[in-house]
Amino acid sequence: MNFRKLAVAVACACVLMTWPAAAQEGHPLKGSWLGTWTGNTTHDPDLVLVLNWDGKAITGTINPGTDNLAIKNASLNPDGWVVHLEADAKDKSGRALTYVIDGKIENLHLPNRAVTGTWKNQKESGAFKMTRQ
């Protein structure tokens, strides 16, 4: 009888210890994201974003690697979970472009949440969607 109570107590303790770990996920934008930006003729329509939170600022890169765009300005407004990202690039002729991405976090409570919205630069614009991996 004592062994059964001990086993139940240990099982309950294990379950209770995992709840704080699940709740302490960190900043809602931190992580790797996969997505698309439709209508983009300068860059591939598929994109990868790596976003970080250092306790003060959102930083990161769009398409890390040879075609990377460093994020120069980023914000997250918890009032509606509105996301704003800006990154500088050059088009095929070498002209400077500033990409502006505005969206909203969907399914905030899920690990694989998404951000949907729009993107634009000086030449074109389109729909934007990224999902956290």
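Keep in mind it's a predicted model, so treat the numbers as computed, not measured. (Residues numbered from 1 in each chain as written. Predicted model: local features only at pLDDT ≥ 70, side-chain atom pairs only at ≥ 80, totals over all residues. Heavy atoms only, no water.)

Here we take up the pattern of salt bridges. If charged atoms from side chains of opposite charge come close, those side chains can pair. Under the definition given, this model contains three salt bridges. For Lys123, the salt bridge is made with Asp91, and the minimal N-O distance between the two is 3.5 Å. Residue Lys123 is found in the loop between β7 (114–120) and β8 (125–132), and its partner Asp91 is found in the loop between β5 (82–90) and β6 (96–106); the two are separated by 32 residues along the sequence. With a relative accessible area of 43%, Lys123 lands in the partly exposed category. Residue classification places Asp91 among the buried residues on the basis of a relative accessible area of 6%. Overlapping salt bridges, with partners in common, bring together Asp91, Arg95 and Lys123 in one network. (Salt bridge = Lys/Arg side-chain N within 4 Å of Asp/Glu carboxyl O. Helix = DSSP H or I, 4+ residues; strand = E, 2+ residues; numbered from the N terminus. Buried < 20%, exposed > 50% of the residue type's maximum accessible area, 1.4 Å probe, protein only.)

Our next topic: the sheet that holds β7. The strand order β1-β2-β3-β4-β5-β6-β7-β8 describes a closed barrel built from eight strands, whose pairing is antiparallel. Each strand of the sheet is rotated relative to its neighbour by a mean of 25°, with strand direction disregarded. Looking at chain direction, strand β4 (residues 69–77) and β5 are connected through six bridges and run antiparallel. Residue Asn77 lies in a different strand from β5, and its bridge partner there is Val82. (Pairing = 2+ DSSP bridges. Axes fitted to C-alpha atoms, helices over the stretch in contact; angles between N-to-C directions.)

A few words on the packing of aromatic side chains. Using the criterion set out here, one finds three aromatic pairs in the structure. One aromatic cluster is present, formed by Trp37, Tyr99 and Trp119 through successive ring pairs. (Phe/Tyr/Trp six-rings, centres within 6.5 Å; stacked < 30°, edge-to-face > 60°.)

Quick look at the nonpolar core now. Residues Leu29, Trp37, Leu49, Ile62, Val115, Phe128 and Met130 are the most contacted members of the largest nonpolar core, which totals 24 residues. With near-sequence residues (within four places) excluded, Leu49 lies in contact with Gly31, Ser32, Trp33, Thr61, Ile62, Leu85, Phe128 and Met130. (Core = buried A, V, L, I, M, F, W, Y, C linked by side-chain atoms within 4.5 Å. Contact = heavy atoms within 4.5 Å.)

Next up on the list: the pairing of β6. Across nine bridges, the pairing between β5 and β6 is antiparallel. In the strand pairing of β6, Ala89 is matched with Leu97. Two successive antiparallel strands, β5 and β6, enclose a turn made up of five residues, where Gly94 displays a positive phi of approximately 90°. Pairing of β6 with β7 involves seven bridges; the strand directions are antiparallel. Within β7, the residue paired with Ile105 across the bridge is Val115.

Before going further, it helps to spend a moment on the pairing of strand β1 (residues 31–37). Look at any regular strand and the pattern is simple: side chains alternate between the two faces of the sheet. Both β1 and strand β2 (residues 46–53) contribute to a ladder of six bridges, which runs antiparallel. Within β2, the residue paired with Leu34 across the bridge is Val48. In terms of strand pairing, β1 meets β8 through five bridges, oriented antiparallel. Paired with Thr36 across the two strands is Lys129, which belongs to β8.

A separate point is unusual backbone geometry. Of note in this structure, Trp81 is not a glycine but carries a positive phi near 55°. For Trp81, the location among the structural elements is in the loop between β4 and β5. One non-glycine residue, Asn107, adopts positive backbone phi at about 55°. Relative to the helices and strands, Asn107 is located in the loop between β6 and β7.

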